[in-house]
Amino acid sequence: MSTVVEETHHDTHHDHKPSGIGRWLFTTNHKDIGSMYLWFSFTMFLVGGAMAMIIRAELFQPGLQLVEPQFFNQMTTVHGLVMIFGAVMPAFTGLANWMIPMMIGAPDMALPRMNNWSFWILPFAFMILLGSLFMEGGGPAFGWTAYAPLSTTYSSDSTALFVFSVHIMGISSIMGAINVIVTIMNMRAPGMNYMKMPLFVWTWFITAFLLIAVMPVLAGAVTMLLTDKYFGTSFFDAAGGGDPVMYQHIFWFFGHPEVYIMILPSFGIISAIIPAFARKRLFGYSSMVYATAAIALLSFLVWAHHMFTTGMPVFAELFFMYCTMLIAVPTGVKIFNWVATMWRGSMTFETPMLFALAFVILFTIGGFSGLMLAITPADFQYHDTYFVVAHFHYVLVTGAIFSIMAAAYYWLPKWTGHMYDSTLAKTHFWTSLISVNVLFFPMHFAGLAGMPRRIPDYATQFADINQIASIGGFAFGLSQLIFLWVAIKCVKGGEKAAAKPWEGAEGLEWTVPSPAPYHTFEKPPKVE
Amino acid sequence: MSEQRPDNSILVKRLLLTVAGMFAFGFALVPLYDVFCEVTGFNGRTSNEAAVYQQVEVDESRTVTVQFLTRNAKGIPWKFEPSIKQVKIHPGEVKVVNFLAGNPTSSNMIAQAIPSVAPAEASLYLNKVECFCFNQQPLAAGAETEMPMQFYLDPDIPDHITTFTLSYTLYDMTANTSAEAIAQLLKTE
Amino acid sequence: MKMKPLWALLALTSLPAAAQSRLNMTQGVTEVSNRVYDLHMTIFYICCVIGVIVFGLMFISMIRHRKSKNPTPSNFHENVKVEIAWTIVPLLILAGMAVPATTTLIAMEDTSDADVTVQVTGSQWKWHYKYFENEVEYFSRLATQQEQIDNQFEKGENYLLEVDRPLVIPTNKKVRFLVTSDDVIHSWWVPDFAIKKDANPGFINETWTRVDEPGIYRGQCAELCGKDHGFMPIVVIAKEPAEYEKWITEKEEEQRKAREREQELLAMEMSEDELMDLGEKVYNSTCAACHQANGQGVNGVFPALAGSGVAVDPEAIDKHIDTVVNGVTGTAMQAFGSQLSMRELAAVITYERNAWGNDTGDLIQAADINEVMNQ
């Protein structure tokens, strides 16, 4: 890491901001845009969470009690889309917006006006998607993966709205990614070499390249769904010479890098927080960078591990099995490096650190189930069961979401100028930690015992497991309201936060006051 | 705002070009997939073009059993079945198998048969000289017909393939074709 | 893969005593399913060991290296040797794991030399089975009562895992499945065989099994296929070969007879004119005595058929047929099912529904009569 010269501040007294709703509609300020992304993401998290509550409520007992199967399918579909494209990705983009310019000593993002557009098209996209739920025939009900021909010939017109909203979300992500790349490449302060950048910047840098590479492919895939449904093409229709499995290839070529898009920024966050609270430099900085790059490159070679049961020839199954197992290696390196960072450090366990440590343990559990899924013959038994649901919720909820919460607690003092209420925060942590495991751990067993996914009702032998999971789900959902309370309370007031409230924290962002002035680093800092 | 503005336009243009390129790549995956499947036989598809039978050495030393399956995709009420369920054939030998089709409804219809081979590998060695699956097949109301399928197997079909299955799924294409076109096709038969 | 004795011991100690655990994957009833189970347990144990080591170190560190216990943090932040070690060692472990995984996969995909072949077709929302070697085919649908699903009746033991007509296969024979779909993508999954194969519309996939033990094995559709994806289970009954032969021969005979019957009935199909002609004749000789030639009946004694009752109700065709075929107990209306042929019954009911201005347009055929008679 670089050593940093303290910058004395002149601009606090002309820290004027525009006011009213115009401020938010027209802002080009990375901090404002970051805040909007974060609040939008939190709102979508609660919306997607509400859908999850409906799902868990229906699955609380065998039998159909609350919703019709077709509506249940809409819930699982839209829950997935909202969480992926509305909660996780915008949250990371919000963090990128807030933190990357400060971390590299830049005054703002490279393309501030495009930045504004990137954000504002998102609520529009989600109005379309969520609005489709109220159409006659209901919203999309074919899973977030939208396999043809269920999503083409055998679905309602909500497919069209699904496609439009995905296009808009894709444009938002692509514009955001371009902004991140240009900012990092062209706007680093003098002395801020690539190998001095914080890991959060590195992981977002690599993530941005992944986004540029694969979001357009998703756009292509869903466009083909649209034309198959409405314009007489037969990409995925056997009758016209097409192949439904081809959709899966194209989709997962996007889909697999997508899941790494959703976790690489997490790795960056954890790589900032653990060193800060262990008061010890990150172990193996360069290998962390290389491992991240290796994971990103490998992520292009594993897509068909989502398709082992489609009837692939043995040679292909073996190739994808080997590549998938291989990704465990650089991922393991990162885990070991975090543990080595902790080792012989001097740790305190404030809330960001609690979430970060929980991330390391629970994401690793998600990684273990991922490794099990990689073994093709075993995957035949796991595929499309709750074992897979357990796996991806571990990596996404106790992984990505926990890292986002860790980041929020870590940087809230910088954003708001106040310390958050640490008792409430710790309550949020412990209730979330316990309930999330009660919710998702039993799902491993349900899958192993034979319960398929995406079903609204199940055989009685799965009843106990589902009941436990549902209770965990309700508790987890309620716990997030504590987080909402903490966040609002912190914005409104609290103990005044120092420029660097965390003793062991490193990075340029801690050299500016808390709350960070509207404009920071208008003059680039000196980096040694 | 900032004191100097770096020139971002080159990088932005490059990145936008990459985006456009990846969008095109997504669509390029379509023909790429087709070519890949044709070359490797991975998805069990057979060729849409008639093979020309060249005098090849018939390998009398081995027989391959070819099984025939038919299936009506949802909604099509036609009778559709092979006249025999399986044949034993020497690699290099030409055989003809008839498929019976019948349209029991009171209107002219037209359908497309889509072939699929399992194990997929065998599709590389299956050569169809004549097949009703090359074109859409019209059938007048109440009519029945026999559709021949003439084929031979490459003599270099691997030894480990002793049996394979050729399946046809029949799809109703009547909605996509005008009644006049169907009538025209029927006249020319 | 031969399980090393240590692993075997661990496996025994970790499994609950009950036969098939509700928490773990089934060992299944085929050689392949057992191999898959072994792979699953092996990779699971490897993960457990790694987890214990990594999490153990983390917890030790959280205790020993907290600020109060270790106020001065160490300085080290790189060590190439260690990094290489924890890159190579996992690679070796994975390579070790890949070997049995590869051999099992290759064995699983070898569909040659099958004894029995079954065509499995998924559609929304049921399975269809067709035996290749025998003329037997049928649909297999969920048999659980809707009232159980709606929580009005208590749920049975095999709730959502029972079908009206299970697939029957022989044990100890290689059974090959050719899987396809009529509409969207489904997936045929039987955990006890460790088989899961997607049913892709327009394409066939193949898989196989050789079941060691006779029994009933249940599975479910494993690819989202629409609203009743959760309601199209799979039930396979594996019988000893001799019993299987007996069953399949019986079924063949049953289906052959059913097809013949159907042919007969189809041959009895009549045009509207034929129906009305014959119908009028039958009506006048058989029914007019009570219901009168003009269909008006006798007030208070014999119901009118012209412009009233089942004869004009579009929803009541079956009831109409039932009344004529089975009569009405406690009244003078006889059961004509045994007195008239199916052609005559079809004709007279058609006549009653269209004569005297009734004009429902309904044409009843012998096949319809047959259906009601054989319910």
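A quick note: this is a predicted structure, and the numbers were derived from the prediction, not measured. Counting starts from 1 at the beginning of each chain's written sequence and moves along it residue by residue. A letter from A marks each chain and a number from 1 marks each ligand, given out in the order of writing. Selection of residues for local features in this predicted model requires a pLDDT of at least 70, selection of side-chain atom pairs for listing and counting requires 80 or more, and totals for whole chains, interfaces and linings are taken over all residues.

## A word on the overall build of chain B
Part 1 of the reasoning: Secondary structure elements are taken from DSSP: a helix is a run of H or I of four residues or more, a strand is a run of E of two residues or more, and numbering for both begins at the N terminus. Looking only at helices and strands, chain B has two helices and nine strands in total.
Part 2 of the reasoning: Reading chain B from its N terminus to its C terminus gives the helix and strand order α-β-β-β-β-β-β-β-β-β-α.
Part 3 of the reasoning: Note that the radius of gyration is over C-alpha atoms, with the globule rule given as 2.2 Å times the number of residues to the power 0.38. In terms of overall dimensions, chain B is more spread out than a globule: its C-alpha atoms have a radius of gyration of 24 Å, far above the 16 Å expected for 189 residues.
Part 4 of the reasoning: Seen through its C-alpha atoms, chain B measures out along the principal axes to roughly 85 × 50 × 25 Å.
Part 5 of the reasoning: Residues classed as buried in chain B amount to 34% of the 189 residues present.
Part 6 of the reasoning: Across chain B, every contact between residues at least 6 apart in sequence was considered, and the portion connecting residues at least 24 apart equals 77%. Our exposure labels follow a C-beta count within 10 Å of each residue's own C-beta, placed from the backbone: buried means 20 or more other C-beta atoms, exposed means 12 or fewer, and partly exposed covers the counts in between. Think of it this way: build a C-beta for each residue from its backbone, and any pair within 7 Å is a contact.

## Overview of the sheet that holds strand β7 (residues 137–139) of chain B
One key point about sheets: their strands pair by backbone hydrogen bonds, in either a parallel or an antiparallel sense.
Residue and element names in this part refer to chain B.
Part 1 of the reasoning: Sheet architecture is open: five strands sit in the order β3-β1-β9-β5-β7, paired in mixed fashion. At either margin of the open sheet sits one strand with a lone partner, and together these are β3 (86–89) and β7. Recorded for the sheet is a direction-independent mean angle of 30 degrees between the axes of neighbouring strands.
Part 2 of the reasoning: Summarising the sheet, strand β1 (residues 64–72) and β3 pair through four bridges and their orientation is antiparallel. At least two bridges found by DSSP between two strands is the condition for calling them paired. Helix axes are fitted to C-alpha atoms over the stretch in contact, other axes to C-alpha atoms as well, and angles between N-to-C directions run from 0 to 180 degrees.

## Considerations on the interface of chain A and chain C
Part 1 of the reasoning: Taken together, the 75 residues of chain A in the interface contact 72 residues of chain C.
Part 2 of the reasoning: Taken together, the elements giving at least two residues each to the side of chain A that touches chain C come down to α3 (69–104), α7 (244–261), α10 (314–342), α11 (351–374), α12 (376–382) and α14 (422–449) of chain A.
Part 3 of the reasoning: A total of 14 residues in the side of chain A that touches chain C trace back to one element, the largest contributor, which is α10(A).
Part 4 of the reasoning: Under the convention adopted here, Pro, Cys and the residues Ala, Val, Leu, Ile, Met, Phe, Trp and Tyr are nonpolar, Asp, Glu, Lys and Arg are charged, and Gly plus all remaining residues are polar. Counted by class, the side of chain A that touches chain C contains 46 nonpolar, 21 polar and eight charged residues.

## Side note on the nonpolar core
Part 1 of the reasoning: Counting residues in each nonpolar core, the largest one holds 302 residues, and the members touching the most others are A:Val88, A:Ile273 and A:Ala406.
Part 2 of the reasoning: The contacts of A:Val88, once residues within four sequence positions are left out, are A:Met83, A:Met262, A:Leu396, A:Ala400 and A:Ile401.
Part 3 of the reasoning: The next biggest cluster of nonpolar side chains, apart from the first, holds 15 residues, and it includes C:Tyr283, C:Val324, C:Tyr351 and C:Ile369. Note on definitions: a nonpolar core is a set of buried residues drawn from Ala, Val, Leu, Ile, Met, Phe, Trp, Tyr and Cys, linked by C-beta atoms within 7 Å.

## A short note on the sheet that holds strand β8 (residues 205–209) of chain C
All names here are of chain C.
Part 1 of the reasoning: Here five strands make up an open sheet; going across it, the order is β3-β2-β1-β5-β8 and the pairing mixed. The outermost strands of the open sheet, each flanked by one partner alone, are β3 (137–140) and β8. Within this sheet the neighbouring strands show an average axis-to-axis angle of 25 degrees, counted without direction.
Part 2 of the reasoning: Across six bridges, strand β1 (residues 116–123) lies against strand β2 (residues 126–131) in antiparallel orientation. Across the sheet, residue Gly122 finds its bridge partner in β2, namely Trp127.

## With respect to the interface of chain A and chain B
Part 1 of the reasoning: Each partner contributes to the interface: chain A provides 30 residues, whereas chain B provides 27 residues.
Part 2 of the reasoning: Mapped by element, the contributors of at least two residues to the side of chain A that touches chain B are α5 (158–186), α6 (199–230) and α7 of chain A.
Part 3 of the reasoning: For the side of chain A that touches chain B, the element with the most residues is α6(A), which contributes seven residues.

## Observations concerning the domain arrangement of chain B
Part 1 of the reasoning: As annotated, the domain borders come from an automatic or database domain assignment. Here chain B is partitioned into domain 1 (8–40) and domain 2 (64–187).
Part 2 of the reasoning: Its C-alpha centre places domain 1 of chain B at a distance of 36 Å from the equivalent point of domain 2 of chain B.

## Brief notes about the packing of α6(A) against α7(A)
Residue and element names in this part refer to chain A.
Part 1 of the reasoning: Contact pair α6 / α7: the axes reach a minimum separation of 9 Å and the direction vectors enclose 155 degrees. Comparing their axes, α7 and α6 come out roughly antiparallel. Pair α6 / α7 crosses with left-handed handedness. Facing α6, whose interface residues are Thr207, Leu210, Leu211, Ala213, Val214, Val217, Leu218, Gly220 and Ala221, α7 presents Tyr247, Ile250, Phe251, Phe253, Phe254, Pro257, Glu258, Tyr260 and Ile261.
Part 2 of the reasoning: Class assignment of the residues belonging to the contact of α6 with α7 gives a composition of 15 nonpolar, two polar and one charged. Comment on the angle field: the value is read as roughly parallel under 35 degrees, roughly antiparallel over 145, roughly perpendicular from 65 to 115, and oblique elsewhere. Each helix crossing is assigned a hand: it is left-handed if the near helix lies turned anticlockwise from the far helix by less than a right angle, otherwise right-handed if that turn is clockwise.

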